[in-house]
Every structure is written in structure tokens, then in C-alpha cells.
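Results of the structural survey
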Amino acid sequence: MKHLILVHGRDIKPSGSALATLAKRAIVRGLQRTGRVDIADSIESGAVKFTSAYYGDITNRIEASYDAKTAALLTAQNEPIYDFKPCFPAGALDAAFALTDALRTFNKATYRHVLDIAEDWRFLDEAIHAASMFGELLTFGLVNSLVEVSIKWDLAVYLTSQRVGSDIRARLQDVLKQALAEGDDVCLVTHSMGCMVAYDVFWKYSFRSEYEDRREDGANPVKLWLTLGCPLGEIGIRRNLLDAVALEEEKYPRNQFLDWINVHAEDDFIAHAQSMRTAFSSMRSKHYCRSITDKKIYNCWHYRDASGGQLVSNPHDLYGYLMNQDTAKIIAGWAG
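Let's talk about helix α9 (residues 162-181)
Look at α9: 26 Å from first C-alpha to last across 20 residues, which is about the 28 Å you get at 1.5 Å a residue. Of the residues one or two after α9, Gly 183 is the one with positive phi, at around 85°.

Written out as C-alpha cells, the structure is:
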């Protein structure tokens, strides 16, 4: 069975069902926008299975514990499976979805239009923080202390806490292992920090003893790994992944996916190190996967800021990536 598995990124999130619903809707709209109504219908009907490996309850808890202003934004309730933990209300995301979806197509001209009508925060708060974060990560593996770094909280806890890191990875491991064991043809779509989570899971599958069965001859690999807004090109990030302290002959996941397509948006401050093909060239030359490809798009996601009311652009947003027709063409190529 064709099976599309999604792993979201860091920061506060809506409920698990709301995120899955909005992400699926964004994928469907992207497919419709690119003319593949047949595949959009298959996803909506369940003929192509869709699963979200959600860990937003974990990141919500971490973010809220560090910042009162962030905690105040979590006014909705999650599902019972996540112990009714507070989460971000989906209404604001629905409104932003409608604003962005009203654009006919997503290209350079449309993106420039968005920047004309919306506040351009690309090089302010988040961009500056991201630059600082990547710089600190260059020595983070050596310092290994939250006291001495100011990396965004949920990302820092993922990197430093064995328990939290394991809990987040388990959300993907549980879904992915079962899907592959059942012979599903899997397209794994990961965004932002979710790309780190997937990489670490792939590496665990490659070397940890509890996944020996995954390394048997003929084991079913992920057919397509599609990364969106991926930070894995950053040296500081790579120095803090699970294989960072491994021997050279034990670095990199191997034979866990066939093809890796990396999509990066213009001005995405998290994905500014854009070439996975270059950063992970050893994986290709050693035949640990079949191909690695990079593709640039324009993410036209914009929203109305709750505090000031002004329109704001966010070229890193998950849903903006998913509803883009060029991302949809990649998914359509896998789905057939």
C-alpha cells in the first residue's frame, strides 16, 4: 500500500488531529494545484494511506515550561492520547491557510507579491536566532550544557536529553517500523527538526541491535525521503546527531531509503545550507542510498500576526511547503 508518513518540525503545535488534518489538506491542495486530482482523491479517500508521526505534545510542554508568553498561546486542548495537554489553537492556522491558498500558484513573482503586502521578518527575530543557534551548535557537542548555550529550547532538549530524544524518535519509529514490516511503499515527508528525528531513526535502524531485523537482506526501505526546510546541511547540526560520535565506518544511515529529495525555499532561514547532495555526498558514493537531489521552491505562507494584526511572511512554514505545486509534483511522482 502507498503510505505517506509526515513528521512535523519544532516549536508549539496544534493538536495531533488538527495538525494531521491541516497537513493532509495542504498536500491535497498542492496536488490539485498541480493537476493531479487523481492522487489528491486517493489521499482523501484513504487509498493512499496518510499518517502523522506527531510529537507536538512534547515540544509544547518543553516550550511552555521555558517561556510564559509561549505558554499563554497554548489555549486549546489536545486529544486524550496526549493527556489533554494544552496546544496551539488551530483557528489561526486555518486563517493563514486560507490567505495562502487564495494564491493561484507559488513562484518567484507570487513570493515577491507576498513580501510586498506582508511584513518581511526573514532577517529579524527568527533568522537572527537561527544564525545564533547554528553557531552555538558548532561547539554544542563539546560543551554539552544548556547553561552555556541559548539554543531554542525544544531543539536543545532533544539534543541533550536521552529520555526526550528517545520519546520523540519513538513516535516515528512505531509508525515507520510497522509500515515497512507490512510491505508499505513509504514516502516519508519530514520538516525542519523532523528531518533530524528521521535521520537519527534511520541511523538507529542501521546500527542498533534491537533493529537487527531491519538489516536483513531484502528489508523494505523507505522509497522516498522528502525533506522540507531541512537543517541537516548545517555542520553544527551534524555534529549533534546520533552518529556524530560514531567511528567513521559507522557514520550515516545505510540502505534505509532509496531516494532523498530535499526541498528548500527561498529565504528559509533554517534551510539556508541548501545542498544535501553535497553535505551527504559520502552516502551516494558509498551507495548507502540511490540518489540525493536538491530542489528550490518559493514558500508563500503568510499570516496575520495576533498581537499587531499585520500580515507576516514565513518561508519556513510546513503547510506552505506542502501546498506548493512543486512539492506536490514530487509526491505525485512517488504515488504514480
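What follows continues from the structure just given.
Looking at helix α5 (residues 91-101)
Three or more residues of α5 are buried, namely Leu 93, Ala 96, Phe 97, Thr 100 and Asp 101. Each buried residue of α5 sits inside an arc of 125° when the element is viewed along its axis, so together they form one side. Along its buried surface, α5 packs onto α1 (16-33), β9 (302-304) and α14 (318-322).

Quick notes on the environment of Asn 299
Relative to the assigned elements, Asn 299 resides in the loop between β8 (291-297) and β9. In this structure Asn 299 comes out as buried when scored by relative accessible area, which is 1%. Residues Asn 299 and Tyr 319 lie 20 residues apart in sequence; the distance between their C-alpha atoms is 9.0 Å. One polar contact links the side chain of Asn 299 to the main-chain amide nitrogen of Trp 301, over a distance of 3.2 Å.

As for the sheet that holds strand β6 (residues 222-228)
Taken in spatial order, the six strands line up as β2-β1-β5-β6-β7-β8 in an open sheet, and their pairing is parallel. At either margin of the open sheet sits one strand with a lone partner, and together these are β2 (49-52) and β8. Looking at each pair of strands side by side, their axes are set apart by 15° on average, direction ignored. Two elements, strand β1 (residues 2-7) and β2, share four bridges in a ladder whose sense is parallel.

Quick word on the confidence of the model for the protein chain
On average, residues of the protein chain score 89 in pLDDT, and 90% of them are at 70 or above. Within the model, the stretch residues 141-150 combines pLDDT values under 50 with 12 contacts to residues more than four positions away or in other chains.

A short note on the pattern of salt bridges
Overall, the coordinates contain 14 salt bridges when judged by the stated rule. Arg 169 is paired through a salt bridge with Asp 200; the nearest N and O atoms lie 4.0 Å apart. A residue pair is termed long-range when its members are at least 10 positions apart, and Arg 169 in helix α9 and Asp 200 in helix α10 (residues 193-207) qualify at 31 residues. Lys 329 serves as the salt-bridge partner of Asp 326, at 3.9 Å between the closest nitrogen and oxygen. Within this pair, Asp 326 and its partner Lys 329 are both found in helix α15 (residues 325-335), separated by three residues, close to a single helical turn.

Thoughts on the packing of α1 against helix α2 (residues 37-45)
Viewed as axis vectors pointing N to C, α1 and α2 meet at an angle of 160°, and their least axial separation amounts to 7 Å. Compared by their axis directions, α1 and α2 come out roughly antiparallel. Judged by the sense of rotation from one axis to the other, the crossing of α1 with α2 is left-handed. Each of Lys 24, Ile 27, Val 28, Leu 31 and Gln 32 in α1 lies in contact with α2, whose residues at this interface are Val 37, Ile 39, Ala 40, Ile 43 and Glu 44.

Re the packing of α9 against α10
α10 packs onto α9 with a crossing angle of 60° between their chain directions and a minimal axis gap of 10 Å. Note on packing geometry: the crossing formed by α9 with α10 is right-handed. Contact with α9, carried on its side by Ile 168, Arg 169, Leu 172, Gln 173, Leu 176 and Lys 177, involves Met 193, Val 197, Ala 198, Asp 200, Val 201, Phe 202, Lys 204 and Tyr 205 of α10 and no other residues of that element. The class makeup of the residues in the contact of α9 with α10 is nine nonpolar, one polar and four charged.

About the thresholds
Residues numbered from 1 in each chain as written. Predicted model: local features only at pLDDT ≥ 70, side-chain atom pairs only at ≥ 80, totals over all residues. Heavy atoms only, no water. Helix = DSSP H or I, 4+ residues; strand = E, 2+ residues; numbered from the N terminus. Expected span 1.5 Å × (residues − 1). Buried < 20%, exposed > 50% of the residue type's maximum accessible area, 1.4 Å probe, protein only. Arc of directions from axis to C-beta. Contact = heavy atoms within 4.5 Å. Polar contact = N/O pair within 3.5 Å; in protein donor to acceptor, adjacent residues only side chain to side chain. Pairing = 2+ DSSP bridges. Axes fitted to C-alpha atoms, helices over the stretch in contact; angles between N-to-C directions. pLDDT = per-residue confidence, 0-100. Salt bridge = Lys/Arg side-chain N within 4 Å of Asp/Glu carboxyl O. Parallel < 35°, antiparallel > 145°, perpendicular 65-115°, else oblique. Left-handed = near helix turned anticlockwise from the far one by under 90°. Nonpolar A, V, L, I, M, F, W, Y, C, P; charged D, E, K, R; others polar.

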